[in-house]
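Structural overview
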There are 2 protein chains.
Amino acid sequence: MIKVVIIGSGNVAQHLISAFIKSDKIELVQAFARNKKHLTHLLDSNKITSDYNKLQEADLYIISVSDDAINEVSHQLQFSNKLVAHTSGSVAIEELSNSNRKAVFYPLQTLSKEKEVNFKEIPLCIEAQNEVDLNLLNQVATSISNKVFEVDSEQRKSLHVAAVFVSNFVNHLYKLGNDICIEHQVPFEILKPLILETANKVRVLSPNDAQTGPAKRNDTTTINKHLATLTDENQKEIYKILTKSIIDNGKKL
Amino acid sequence: MIKVVIIGSGNVAQHLISAFIKSDKIELVQAFARNKKHLTHLLDSNKITSDYNKLQEADLYIISVSDDAINEVSHQLQFSNKLVAHTSGSVAIEELSNSNRKAVFYPLQTLSKEKEVNFKEIPLCIEAQNEVDLNLLNQVATSISNKVFEVDSEQRKSLHVAAVFVSNFVNHLYKLGNDICIEHQVPFEILKPLILETANKVRVLSPNDAQTGPAKRNDTTTINKHLATLTDENQKEIYKILTKSIIDNGKKL
């Protein structure tokens with residue numbers, strides 16, 4: 001059994017804890033939480049500590065805290081030459097303290113406490129500084145996910161930006177669509193199959209081939225009708241800039 | 001059996017033809033195509049006409065052509081007082097010729113010829129000008145879909161704009177994410193589970209509750225890192241405007 005300690009009690013930390021508990025190749029030795037209560041629904045309280053001096057022996061320590069706390073937390077660790085990974089998409093491996101062997105264990109998914117996910121389907125992007133550590137990370141990663149990728153810090157940085165486009169920004173467009181439905185008293189429900197099919201389509205078609213709609217057809221009549229329907233200036237501005245981007249892209253092809 | 005004639009041979013027309021063929025409540029009497037070859041993979045050629053004078057008797061004629069051709073095609077019909085529907089999200093019911101009874105039969109989905117869909121899951125928005133016609137439309141609609149909604153022309157117009165946001169624009173964001181992956185040589189594949197989960201999340205959470213990411217947290221460090229990573233001016237502009245929209249929305253709450 002590979003021994004793992006999780007440091008952190010947020011969203012990602014909790015999903016990792018749940019995944020490791022289910023794995024028969026990992027022994028989740030301990031978790032660190034400033035407030036133990038955040039984890040008592042997942043772990044026995046004797047497995048939770050809020051004291052860095054009481055962290056137990058493990059093969060891998062995973063720091064799963066907010067991006068700007070990673071460096072500081074890595075310096076709080078009282079031991080040296082252990083394998084220590086962070087879970088962030090946008091923080092370079094170098095930002096970890098030099099006292100320990102550095103690694104990254106980045107689950108690329110939108111994780112909400114309110115919604116369960118099948119961790120097996122979540123891509124895990126791993127990075128380490130030597131083959132032995134990479135091999136251990138790989139064993140830990142494959143024990144909870146079927147989709148493990150070796151990704152260096154530069155690649156991970158761009159992947160994180162791309163993720164913002166295809167997830168955070170996409171969700172915001174859902175929100176704007178929902179706002180329009182509320183304003184005009186039509187159920188957002190009607191749009192849900194469209195939302196799912198749009199996501200499903202790019203599993204089999206490239207996003208370029210999957211593009212449809214008035215901007216793709218350069219159908220200015222419909223575009224102008226839509227702009228006339230929108231009452232919110234912010235919605236109009238976003239409509240215009242995305243329409244222009246689709247039209248310009250069509251010209252490049 | 002309710003008799004239906006389809007006028008048109010494009011994307012939507014073909015998906016409707018396939019759906020009606022499978023239905024045991026509908027008799028697809030005939031389809032009109034200027035070029036018969038566009039439909040011979042779906043229908044016997046004796047069921048296809050390219051002559052408006054040869055359109056056969058039916059309970060419902062569905063005009064499924066491009067938006068700007070709907071009015072003209074509706075005037076080509078040589079009969080009167082029949083039930084004639086168009087399939088557009090953005091064209092008002094009034095734009096059909098006055099010679100016949102007007103209706104709308106709008107499937108709200110992104111339909112590509114390359115990708116099969118389960119029509120039963122596609123929301124059909126129907127509109128008619130009297131109860132009898134609405135009842136017939138409803139029978140036709142429920143024979144091919146489990147999701148039938150009565151939606152008037154004003155509501156349909158806003159639904160169509162909302163659909164552009166949650167589908168066409170969303171797909172364009174997938175495209176920009178793909179571009180970033182290609183530029184930095186990371187497989188777009190890694191993002192696909194995230195894309196699906198982002199779409200799945202709004203089945204159970206409101207888009208507002210589902211929002212995550214640096215803009216939601218007003219995390220300017222990460223936002224600035226991302227802007228520094230992006231090399232394309234168009235991508236930067238879209239990043240900025242959507243980030244601002246998410247931050248402004250957070251302030252309103």
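Starting from 1, residues in each chain are numbered consecutively following that chain's sequence as written. Throughout, the order in which chains and ligands are written sets their labels, letters from A for the former and numbers from 1 for the latter. Under the rules for a predicted model, residues below a pLDDT of 70 receive no local features and side-chain atom pairs below 80 are neither given nor counted, while totals for whole chains, interfaces and linings still include all residues. Derived side-chain values reflect all non-hydrogen atoms in the structure, with water molecules and hydrogen atoms excluded from consideration.

**Observations concerning the pattern of salt bridges**
Whenever a carboxyl oxygen of Asp or Glu lies within 4 Å of a side-chain nitrogen of Lys or Arg, that contact is scored as a salt bridge. Applying the stated rule across the entire model yields 22 salt bridges over all chains. The partner of Lys225 of chain B in a salt bridge is Glu95 of chain A, with the nearest N and O atoms 3.9 Å apart. Note that Lys225 of chain B is positioned in helix H7 (residues 220–229) and Glu95 of chain A in the loop between strand S5 (83–86) and strand S6 (101–107), a pairing that runs across two chains. Categorising residues by exposure relies on relative accessible area from a 1.4 Å probe, with only protein chains included: less than 20% of the type maximum marks a residue as buried, more than 50% marks it as exposed, and the intermediate range marks it as partly exposed. Given a relative accessible area of 33%, Glu95 of chain A falls into the partly exposed group. One salt bridge in this structure joins Lys251 of chain A and Asp248 of chain A, with 3.9 Å as the shortest N-O distance. A residue pair is termed a helical-turn pair when its members lie 3 or 4 positions apart in one helix, as Lys251 of chain A and Asp248 of chain A do in helix H8 (residues 233–252) at 3 residues. Take Lys251 of chain A: its relative accessible area is 62%, and that puts it in the exposed class. Relative accessible area serves as the criterion here: at 27%, Asp248 of chain A is assigned to the partly exposed category. Taken together, the salt bridges that share partners define one network made up of Lys244, Asp248 and Lys251 of chain A. What counts as a helix is a DSSP run of H or I of at least four residues, what counts as a strand is a run of E of at least two, and both are numbered from the N terminus.

**Side note on the side chain of Thr243 of chain A**
Here Thr243 of chain A lies in helix H8. Here Thr243 of chain A falls in the buried class, since its relative accessible area comes to 4%. Think of a polar contact as two N or O atoms within 3.5 Å of one another; within protein, one of them needs to be a possible hydrogen donor and the other a possible acceptor, and neighboring residues in sequence only count if both atoms come from side chains. A polar contact is formed between the side chain of Thr243 of chain A and the backbone oxygen of Tyr239 of chain A, at a distance of 2.8 Å. Residues are treated as being in contact if the distance between any of their heavy atoms lies within 4.5 Å. Filtering out sequence-adjacent residues up to four positions away, Thr243 of chain A remains in contact with Ala215 and Ile223 of chain A together with Phe169 of chain B.

**Side note on the interface of chain B and chain A**
Counting residues at the interface gives 87 residues for chain B and 87 residues for chain A. The term buried area means the drop in 1.4 Å probe accessible area that two parts suffer when joined, counted for both and summed. Between chain B and chain A, a total of about 8400 Å² is buried, with carbon and sulfur atoms accounting for 71% of that surface. The largest contributions to the chain B side of the interface with chain A come from Phe165, Val166 and Ile190 of chain B, which together make up 8% of the buried area. Put simply, chain B and chain A have 2 salt bridges between them. For the interface between chain B and chain A, the tally reads 29 residue pairs in polar contact (both at pLDDT 80 or more). Elements that contribute at least two residues to the side of chain B that touches chain A include exactly helix H4 (153–183), helix H5 (192–204), helix H6 (207–210), H7 and helix H8 (233–252) of chain B. Counting residues per element, the side of chain B that touches chain A draws most heavily on H4 of chain B, at 25 residues. Charged means Asp, Glu, Lys or Arg here, nonpolar means Ala, Val, Leu, Ile, Met, Phe, Trp, Tyr, Cys or Pro, and polar covers whatever is left, Gly included. Within the side of chain B that touches chain A, the residues separate by chemical class into 44 nonpolar, 29 polar and 14 charged.

**Some thoughts on the relation of the copies chain B and chain A**
Alignment of the copies relies on least squares applied to C-alpha atoms, considering only residues that score at least 70 for pLDDT in both. Rotating chain B by 180° and translating it 0.0 Å along the rotation axis places it on chain A, where the RMSD comes to 0.0 Å. Such a combination of rotation and displacement between the chain copies is what one expects of a two-fold axis. Taking the C-alpha atom as reference, chain B places Val170 of chain B closest to the rotation axis, 2.7 Å from it. Interface residue correspondence from chain B to chain A reaches 100%, placing this contact among same-surface, isologous pairings.

**Focus: the packing of H8 of chain A against H8 of chain B**
Axis separation between H8 of chain A and H8 of chain B bottoms out at 11 Å; the angle between their running directions is 160°. Regarding the angle of H8 of chain A to H8 of chain B, the classification is roughly antiparallel. As H8 of chain A runs across H8 of chain B, the sense of the crossing is left-handed. Note on element contacts: H8 of chain B touches H8 of chain A through Asn234, Glu237, Ile238, Ile241, Leu242 and Ser245 of chain B, opposite Asn234, Glu237, Ile238, Ile241, Leu242 and Ser245 of chain A. Every axis corresponds to a line fitted to the C-alpha atoms, with the helix fit spanning only the stretch in contact, and the corresponding angles, defined between N-to-C directions, vary from 0 to 180 degrees. Each angle receives one of four descriptions, namely roughly parallel if under 35 degrees, roughly antiparallel if over 145, roughly perpendicular if within 65 to 115, and oblique otherwise. The sense of a crossing depends on the near helix, which, turned anticlockwise from the far helix by less than a right angle, makes the crossing left-handed and, turned clockwise, makes it right-handed.

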